[in-house]
Amino acid sequence: MKIDIIIPIFNEEENLQILTDRISESLDPLNYEYTIIFVDDGSFDNSWNIIKNLSQERPTISGIKLSRNFGHQSAIDAGLKSSTSEAVIIMDGDLQDDPKYIPELISEWEKGNKVVLAKRIKRHDGILRSFIFNIYFNFQSMFSDINIPKYVGHFSLLDKRVVLEMNNFPEKKKYFNGLRAYIGFSTTYVNVEKNKRYKGKTKMPFGKLLKLGLDGIFGFTTKPLTFIGIVGILISLSSITVPILSLMNIGIEIDLGLEIVLLYFLSGIQLLALSLLGKYLGTVFIEIKNRPNFIIESTTKNK
């Protein structure tokens, strides 16, 4: 039996060698064939040359080079579509996902689970970042129409059946954590600690994380639209109620300052509603163009 390890790479020249060594240390003692598939997502450092050299040195290494930076999710998509093995492990290339947990993921898969998720019980990437992630996971749980597990990232093992189903999804704007939950199948967890980045600077600053997070929310719920509709109804009812109470001489008085505050409030609600509609329309616009999610420029000899 064979397992593929899919790793999206963007400017990780400092981490590739040690990452490869640690993955091999975890997998070599196991009775499995394996291939580490590095997907170079348009790196402009020396990452691709290192991947090519590693593939020449080791038959267990292969590489896919995308024609430009299509994004983290597209790189994962390219890796999944290239896999033909019995299972796939997805992990990041900065060693925050520790390869030492790979045998545990495989052990849970051997018990018959189709999806094995690495659940973070501790993070080592800063208090502020951990706080923001906690807020996001709670917010996502509140709004999502499906149960997307909390404190779970891309680090996971997927059975071949799950990979086949995931590759059948036609959408272009993919959020794999959500799609993985949507597909279902028997799922279990392995508790892990998320390390600090080994070397280099993060390739997922808050701007990219925010975009990915919004894709994860808007791609799996219409509750924001429902929320805006409810707010609109409440404002409409209040706009009727206040004049009626005034006509009944209840004694409601609205001074100029409060009128200005209400005007700004209503303007803000309108802009929020327009931005939410725009987000959904933007997603539809991207989907109907039907452009490829990625373009492969070249592969290594082992791929």
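Residues numbered from 1 in each chain as written. Predicted model: local features only at pLDDT ≥ 70, side-chain atom pairs only at ≥ 80, totals over all residues. Heavy atoms only, no water.

Draft legend 1. Representation of the overall build of the chain. Each helix and strand counted, the chain has 10 helices and eight strands in total. Relative to its 303 residues, the chain shows a buried fraction of 45%. Taking contacts inside the chain between residues at least 6 apart in sequence as the whole, the part at least 24 apart equals 84%. For the chain, the exposed surface amounts to about 16,000 Å²; the carbon and sulfur share of it is 60%. (Helix = DSSP H or I, 4+ residues; strand = E, 2+ residues; numbered from the N terminus. Buried < 20%, exposed > 50% of the residue type's maximum accessible area, 1.4 Å probe, protein only. Contact = heavy atoms within 4.5 Å. Areas by Shrake-Rupley, 256 points an atom, 1.4 Å probe, with all protein chains shown as cover.)

Draft legend 2. Geometry of the environment of Y280. The topology assignment puts Y280 in helix 10 (residues 256-289). When the C-alpha positions of Y280 and D215 are compared, they lie 9.9 Å apart, and in sequence the two are 65 residues distant. In this view, Y280 contacts F218, T221, T222, P224 and L225; residues no more than four positions away in its chain are not counted.

Draft legend 3. Structural view of the nonpolar core. Among the nonpolar cores identified, the biggest contains 32 residues, and I5, I7, I23, F38, I89 and I106 are the most heavily contacted of them. When residues no more than four places from it in sequence are discounted, the contact partners of I106 are I3, L27, L30, Y32, I89 and L157. By size, the runner-up hydrophobic cluster in this structure holds 24 residues, among which are V39, I76, L80 and V152. (Core = buried A, V, L, I, M, F, W, Y, C linked by side-chain atoms within 4.5 Å.)

Draft legend 4. Representation of helix 1 (residues 16-27) in the model. The end-to-end C-alpha separation of helix 1 is 16 Å, in line with the 16 Å expected for 12 residues at 1.5 Å each. Those residues of helix 1 lying buried are L16, L19, T20, I23, S24, S26 and L27. For helix 1, the buried positions fall inside an angular range of 160 degrees around the axis, keeping them on one side. Of the surrounding elements, those touching the buried residues of helix 1 are strand 1 (2-9), strand 2 (33-40), helix 2 (47-57), strand 3 (61-66) and helix 4 (102-110). (Expected span 1.5 Å × (residues − 1). Arc of directions from axis to C-beta.)

Draft legend 5. Geometry of the pairing of strand 1. Among the eight residues in strand 1, seven count as buried, and that is most of the element. Pairing analysis gives eight bridges linking strand 1 to strand 2, with the strands arranged parallel. The residue of strand 2 that forms the bridge with I6 is I37. Assessed by its sense of winding, the connection that carries the chain from strand 1 through helix 1 to strand 2 is right-handed. (Pairing = 2+ DSSP bridges. Right-handed = clockwise from strand over helix to strand, strands pointing away.)

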